[in-house]
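Inside the fold
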Amino acid sequence: MIEFRFAVGGLATTSFAYSPLQEAVLSLRCLHDPARYPHHRPWLRRIRPGLESLDREMLTALVAPWLWVPDFLTPRPAHARQVFADELDLLRATPPETVVAGFHAAYRTPEALPPVLARGLTDPGALLVRLTDALDAYWHTCLAADWWPRVQSILEADLAHRGRVLAEQGAGALLSGLDERLSWTGSRLLLSTRDVTARTPWSDVGIDGRGLVLVPTMFARGAQQLIDPARPPVLMYPARGRGTLSEKPPPVNDEALVRLLGRPRARLLRLLAEPASTTELAHRLGVTPGAVSQHLAVLYDAGLLGRARSGRIVRYTRTRLGDDLCR
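Notes on the structure in this doc start here. Here the structure is a predicted model, which is why all the values come from computation and not from measurement.

Before going further, it helps to examine the pairing of strand β8 (residues 234-238). The buried fraction of β8 amounts to five of the five residues, a majority that puts the element mostly inside the structure. Burial of the side chains of β8 extends over both faces: Val234, Met236 and Pro238 are buried on one face and Leu235 and Tyr237 on the other. Both strand β6 (residues 212-217) and β8 contribute to a ladder of five bridges, which runs parallel. Considered in β8, the bridge of Val213 is made with Val234. Bridge analysis of strand β7 (residues 224-225) against β8 gives two bridges, and the strand direction is antiparallel. Paired with Gln225 across the bridge in β8 is Leu235.

Now the structure itself:
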């Protein structure tokens, strides 16, 4: 059991964020154990040809056989919605001693290090350049265009849901509802390690004065703390709705709904049970964003959809009227 102690003001400094760099690094777990992440299999099949052109030796070495990654590869998000390029710049500035300590912590013993790391750690600065270049190429070849827009939409939907829980049920329900491993006592957040195979050497984490960042991810099977308890506290938890990543657009079998709205709008309305952007919907349907935008405008004007802006991105979701119509 790991205890997160909340003194006075601890909850006030607790926040949510997601990290594209974290998701990119953790996605490498799929290369080690695809069966553990069935929702990502369609994506893995699509990217396999592109992987051959990348520094795969380095990319696979970033994840230990028990799926741990060094904490410096997933830096604590500075704000709610990070940008991959900014996070990669931060990673490039990692001190050499942190690189060495991070890989030794993740792999536990020097003998467990793969050859590329055993050689590379003799010059951690050069190793850092190689691994950041490998991650940059991996992001632009395999993730940015197709995978990340869908993942980002799922993470945004998770944050929106947590905000509603906080507003309607309070902080206790919010924290204990993140994952079944978590429970809230009123001053402490308890993280069960009963089903964790790799034991952690600590059991007490103070939050007051440091803040706790709660980070949804597509690649955790349960809530988990960072390897290094000395770093600012971050708690990762499984993103709500991650199973939808492998879904294909649902067929519209309700002919009455099709006759009323037309097949394209009926399908869009069915898809928007969770928030999504125009770009993401276009990816999922295999059409142009312009075509999607025209249909969304009609559904919005009819009161079947609501929308909310986050920076430059507008996400749509069904209203109660839209839900009733789909039922």
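Across the sheet, four strands lie side by side as β2-β6-β8-β7; this open sheet has mixed pairing. Every interior strand has two partners, whereas the edge strands, β2 (14-16) and β7, have only one. With three bridges joining them, β2 and β6 adopt parallel strand pairing. Residue pairing across strands places Phe16 opposite Leu214, the latter belonging to β6. Along the sheet, helix α1 (residues 20-27) makes contact with β6 and β8, crossing β6 at roughly 50°. Sheet contacts for helix α9 (residues 147-169): β2, β6 and β8; angle to β8, the most-contacted strand, approximately 105°.

This next bit is on helix α8 (residues 124-143). Look at α8: 26 Å from first C-alpha to last across 20 residues, which is about the 28 Å you get at 1.5 Å a residue. Every buried residue of α8 is accounted for by Pro124, Leu127, Leu128, Leu131, Thr132, Ala134, Leu135, Tyr138, Trp139, Cys142 and Leu143. Down the axis of α8, the smallest arc covering the buried residues is 160°, so these residues share one side.

Strand order in the open sheet made by the three strands is β9-β11-β10, with antiparallel pairing throughout. Only two strands of the sheet have a single partner each, and these edge strands are β9 (276-277) and β10 (305-310). Note: β10 against strand β11 (residues 313-318), six bridges, orientation antiparallel. Counterpart to Gly306 in the pairing with β11 is Thr317.

The next subject is the side chain of Glu87. Along the chain, the position of Glu87 falls in helix α5 (residues 84-92). A polar contact is formed between the side chain of Glu87 and the side chain of Ser19, at a distance of 2.6 Å. Those residues within four positions of Glu87 in sequence are excluded, and the remaining contacts are Ser19, Pro20, Leu21 and Gln82.

Basis of the calculations
Residues numbered from 1 in each chain as written. Predicted model: local features only at pLDDT ≥ 70, side-chain atom pairs only at ≥ 80, totals over all residues. Heavy atoms only, no water. Buried < 20%, exposed > 50% of the residue type's maximum accessible area, 1.4 Å probe, protein only. Helix = DSSP H or I, 4+ residues; strand = E, 2+ residues; numbered from the N terminus. Pairing = 2+ DSSP bridges. Contact = heavy atoms within 4.5 Å. Axes fitted to C-alpha atoms, helices over the stretch in contact; angles between N-to-C directions. Expected span 1.5 Å × (residues − 1). Arc of directions from axis to C-beta. Polar contact = N/O pair within 3.5 Å; in protein donor to acceptor, adjacent residues only side chain to side chain.

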